[in-house]
Each structure stands twice: as C-alpha cells, then as structure tokens.
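Residues per chain are reported as follows:
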Amino acid sequence: MSINDSLAGEAMARSLAEVDPEIHGAVHQETEKQATKLVLIASENYASEAVLSTCSSVMSNKYAEGYPGRRYYGGCEFVDEAETLAIERAKELFGAEHANVQPHSGTQANMGVYFSAIEPGDTILGMELPHGGHLSHGHKLNFSGHLYNVVSYGVNRDTELLDYDEMATKAEQHQPKLIVVGASAYPRTIDFARVQAIADGIGAKVMADIAHPAGLVAAGLFPNPCEHVDYVTSTTHKTLRGPRGGLVLCKEEHAKVVDRKVFPGAQGGPFMHLIAAKAVCFQEALSAGFRSYAAQVLANAKELARALAERGHRIVSGGTDSHIVLVDVGTAGLTGKDGEAWLNDAGIVANKNTIPFDPNPPLITSGLRLGTAAVATRGMKEPQMDQIANWIHMVLDSGGDKQLCAAIRAEVDEVCKSFPIYDWRLN
Ligand SMILES: *Cc1c(COP(=O)(O)O)cnc(C)c1O
C-alpha cells in the first residue's frame, strides 16, 4: 500500500464531526429537535434504525441504471438482490400486479405515470390544491401544470367531502385522459371504485396517489385502490414510515411502459441505498406489529379530532378516516400562519394549510393540518392525544401567549422524554 493509499484510507474513516463540524452540528440539532418536539406534520414520520442505517449504507455508491437482471452497469448483483426484494415485497404488501420502486419521490412517481398514460397537451382532471390536492396534480408552477391541460374538482361546500358528482360532470364536460385522485390534506376515505366507474364512462384511466395514507392502505385500514384502478402512486416516507422516496404500482399490462417511463424517461441512475431501504420498510410494513401501529395512528387521529372539537374547534369534514386532522382556525378568527408559529413556540410542530374555500392565501391560510403518524411511532396513544389537544387549544385560545407557550414547551419536553425516539443518536 502506498502512502497516498493509506492517507486516503485514514481520511475516509474520519467522523462527520471531524470532517464537517457545521453539518454535524445541523444534524445533531435536527436529531435533538425530532427527539424533543411533538411532530404533528401529517407527511412526516420516524423511520426505524434498520431503515435509516440502510439509507446511509454503501449502496449509495452504486450506479445501476436499468432494472434487475438488465442493467447498463457491471457489478450489480447485490443491488439487483435488494431491488428484487423491494419489488416483490411492494407487490405483496399492496396486492399489486407490478411495482416500480425507483422513483426518487412521490412527484417523480407521478411523472412516471403521466409519461406512461398520457401525452403532453392531454387533459387531466385532478383535485384542487386548496381542497387538499397536490402540486404534482396539475399546479401551474409544477411540470404537471406546464405539460398538461388541467381541470379540477373539489369537495362539496357543505359536507367538505369529495364531490363525485362534480367529478363526473367535469369528466363528461372536459373528457380528460386521466383522472387523478388522492390528496395531501383530505382526511377522508376515497371511493376508488366510483372514480374508476366515472373514468370508464369516458374511456379515461385513473391514477390514485396514496402518498399520505399508504401505511394505512398497507395495513388494510384504508381502501386499497390497486383493486380498482390502473395506476397507483405513493411516497414511502409518510404513513408507510420508510425512507424518502416514491413508488408506482400498476396493472401488469402497463408494467413495461411504466418501467421505461420512470427510467430512462424521467430519471437516471436509481438511488440504490433508498431502494434497499424501501425493501426494509416494506418488510416492516408486512408485519403484524405494523398493522397494530397503523390502527393506533387511526385511533389517535380520531381522538385528536374529537378532543379538539370538544374544546370548540371546527374540524374540516367533521372528523377523519385517516391520520389527518384538518382544523379550521379561521372560524375562531385566527390564521394557520399564526397557529403554526405559536404551536412551534410550544414545541408542537404542525403546518398551516388551506381549507376548502379558504378566504386566505396559501402563505396565510385558515387551517392547521395535524397528523398522528409520527407520534404513534413514539408509542403515544389516546391519553396523549387528549393532552396534545388541550395544549393546542390553550396555545390558540391564548393567541400564542409567550409565557404559556414556554410553559407548555417544558411539559412537551417531559412527555417526549417518556416516549423516547432517536435519543441514543444524540450520545
Ligand atoms: C407528499 C405527496 C406527494 C409527493 O411527494 P414528494 O415525495 O414530496 O414529491 C405526491 N402526492 C401527494 C398527494 C402527496 O401528499
């Protein structure tokens, strides 16, 4: 071994703290924040140690353009094994005919399906963003809004439930090639069979985006669109509790095209460390333990909604069938923006969100979106949800009183200590 080689070896083994104290510090602080604050961001969760360590494994170093058994790179035998496991487990978990586990994100998964199912200039019918839809469902600032002609449907003003009649009318009127269902801030179940029936009436295809409820779907606690529609997309990092990433599930007849549109159509080399971590996540999600976890996520959301309503807060759609609770703070004369900031002072992390027919713009909003996936991972149950609802109520009711928020911050800290997560990483 030459001197240079040995120096390289030594340099490679230096710790992050030594190599880059600034980034080490940021990671440390993020770890501490995740450990000591209450994460009620509906799209976040805590991935397991097995998932996290796979994310930071040497699989990150490997190029593997192509698919298992047909790669454009040599030396792919072990990443092939990982991707094949991820594909097989994803199919089993969702009862899907085909799975593509390469999309880097939920948005990339949607891109893969759009490229497969429609042509630029075609019409898509998606849910309006202020009613709970996602950027990648046709927002003008997203590629989907640039490439396609976008028509939207929303929820009924009175019930705040998905308006299938409006969807059917708009479908008749605009003859979209693709109907997109699934949302980021819609707390209720979706009747995928009904959406497919609407699509059948006009010869369109359906893409169901289950980025949010995927973990509940996997556990059999939320309707599974794989039984009804041609294309299903998801993220793997929300209720599914895996690494950041995306996933496409589809009927066998679309498998070849979907694979070709994800790679090379929309992406280059797959992130093999994250694909391996997706395999770990799917394995975890196939366990009985995950089913009871998902049941607790649901029970917690129902309790949180009930406890907030009991204290006078208006819950959009009157409740929840998922991990999401959307609170209308506008009726109390508040904004989501203020609510988000005040709660953060109290150690409770949530986000402002538009509510259906919101009079306020997206950076102000009249809503707070709460989710119970992360706190359920910590082991929190109904009594803690009641406690959290009380804190949220006191913070909002006091108009973000600084002293009160500081006092609650201390209480949150104590409760978080009783439900530890990642604390060992801080040592
Ligand atoms: C979160 C989300 C996505 C995409 O997620 P990214 O991984 O951030 O691209 C797509 N669709 C819906 C409905 C979502 O909520």
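Owing to the predicted nature of the structure, the values given are computational and were not obtained by experimental measurement. (Residues numbered from 1 in each chain as written. Predicted model: local features only at pLDDT ≥ 70, side-chain atom pairs only at ≥ 80, totals over all residues. Heavy atoms only, no water.)

## Structural notes on the state of the cysteines
Argument step 1. On inspection of all chains with the given rule, the structure shows 0 disulfides.
Argument step 2. Here cysteine 281 is not cross-linked by a disulfide; its sulfur's nearest cysteine counterpart is in cysteine 55, at 9.8 Å. (Disulfide = S-S within 2.5 Å.)

## Points about the packing of aromatic side chains
Any aromatic ring pair is given by two values, namely how distant the centres are and how the planes are angled relative to each other.
Argument step 1. Within this structure, the stated rule accounts for 6 aromatic pairs.
Argument step 2. When the ring of tyrosine 72 is compared with that of phenylalanine 263, the centres are 6.0 Å apart and the planes differ by 55 degrees; the resulting orientation is tilted. Of the two residues, tyrosine 72 is situated in the loop between strand 3 (70–71) and helix 5 (77–94) and phenylalanine 263 in helix 11 (residues 255–266); the sequence distance between them amounts to 191 residues.
Argument step 3. Residue classification places tyrosine 72 among the exposed residues on the basis of a relative accessible area of 63%.
Argument step 4. Ring centres of tyrosine 114 and phenylalanine 143 lie 5.9 Å apart, and the angle between their planes is 55 degrees; this geometry places the pair in the tilted category. A residue pair is termed long-range when its members are at least 10 positions apart, and tyrosine 114 in helix 6 (residues 106–117) and phenylalanine 143 in helix 7 (residues 143–147) qualify at 29 residues.
Argument step 5. Through a chain of ring-to-ring contacts, the aromatic side chains of Tyr114, Phe143 and Tyr148 assemble into a single cluster. (Phe/Tyr/Trp six-rings, centres within 6.5 Å; stacked < 30°, edge-to-face > 60°. Helix = DSSP H or I, 4+ residues; strand = E, 2+ residues; numbered from the N terminus. Buried < 20%, exposed > 50% of the residue type's maximum accessible area, 1.4 Å probe, protein only.)

## Some remarks on the packing of helix 13 (residues 288–310) against helix 16 (residues 382–397)
Argument step 1. Helix 16 packs onto helix 13 with a crossing angle of 35 degrees between their chain directions and a minimal axis gap of 8 Å. For helix 13 against helix 16, the interelement crossing comes out right-handed. Each of Gln296, Ala299, Asn300, Glu303, Leu304, Arg306, Ala307 and Leu308 in helix 13 lies in contact with helix 16, whose residues at this interface are Glu382, Met385, Asp386, Ile388, Ala389 and Ile392.
Argument step 2. Here the contact of helix 13 with helix 16 is built from residues that sort into 8 nonpolar, 2 polar and 4 charged. (Axes fitted to C-alpha atoms, helices over the stretch in contact; angles between N-to-C directions. Left-handed = near helix turned anticlockwise from the far one by under 90°. Contact = heavy atoms within 4.5 Å. Nonpolar A, V, L, I, M, F, W, Y, C, P; charged D, E, K, R; others polar.)

## Considering the site of the ligand
Argument step 1. Near the ligand you find Ser105, Gly106, Thr107, His134, Ala183, Ser184, Asp209, Ala211, His212, Thr235, His237 and Lys238, and these make up its full shell.
Argument step 2. Glycine 106 places a polar main-chain atom, nitrogen or oxygen, 2.9 Å from an oxygen atom of the ligand.
Argument step 3. Relative to its free-state accessible area of 380 Å², the ligand is covered by the protein chains to the extent of 86%.
Argument step 4. Counted by class, the shell around the ligand contains 2 nonpolar, 8 polar and 2 charged residues. (Near = heavy atom within 4 Å. Polar contact = N/O pair within 3.5 Å; in protein donor to acceptor, adjacent residues only side chain to side chain. Areas by Shrake-Rupley, 256 points an atom, 1.4 Å probe, with all protein chains shown as cover.)

## Comments concerning the nonpolar core
Argument step 1. Core analysis: the biggest nonpolar cluster contains 71 residues, and Phe94, Met167, Ile179, Val181, Leu240, Leu249 and Phe282 have the highest contact counts within it.
Argument step 2. No fewer than three residues from each of domain 1 (58–285) and domain 2 (291–418) sit in this core.
Argument step 3. Not counting residues up to four positions away in its chain, the partners in contact with phenylalanine 94 are Ile210, Ala214, Val217, Ala218, Asn224, Cys226, Leu240, Leu247 and Leu249.
Argument step 4. Within the second largest apolar cluster, 33 residues are counted, among which are Ala307, Leu334, Trp342 and Cys405. (Core = buried A, V, L, I, M, F, W, Y, C linked by side-chain atoms within 4.5 Å. Domains from an automatic or database assignment.)

## Concerning the sheet that holds strand 14 (residues 351–353)
In a beta sheet, neighbouring strands pair by backbone hydrogen bonds and run either parallel or antiparallel.
Argument step 1. Taking strand neighbours across the sheet as the criterion, the 4 strands line up as 11-12-15-14 in an open arrangement whose pairing is antiparallel. One side of each edge strand has no neighbouring strand; the edge strands of this open sheet are strand 11 (314–315) and strand 14.
Argument step 2. Two strands pair when backbone bridges link them, and strand 14 and strand 15 (residues 367–371) are joined in this way by 3 bridges, in the antiparallel orientation. Along strand 15, the bridge assignment pairs asparagine 353 with glycine 367.
Argument step 3. Where helix 13 meets the sheet, it contacts strand 11, strand 12 (324–328) and strand 15, and its direction lies at approximately 15 degrees from that of strand 12.
Argument step 4. Along the sheet face, helix 14 (residues 336–345) touches strand 14 and strand 15 and points at about 45 degrees away from the line of strand 15. (Pairing = 2+ DSSP bridges.)

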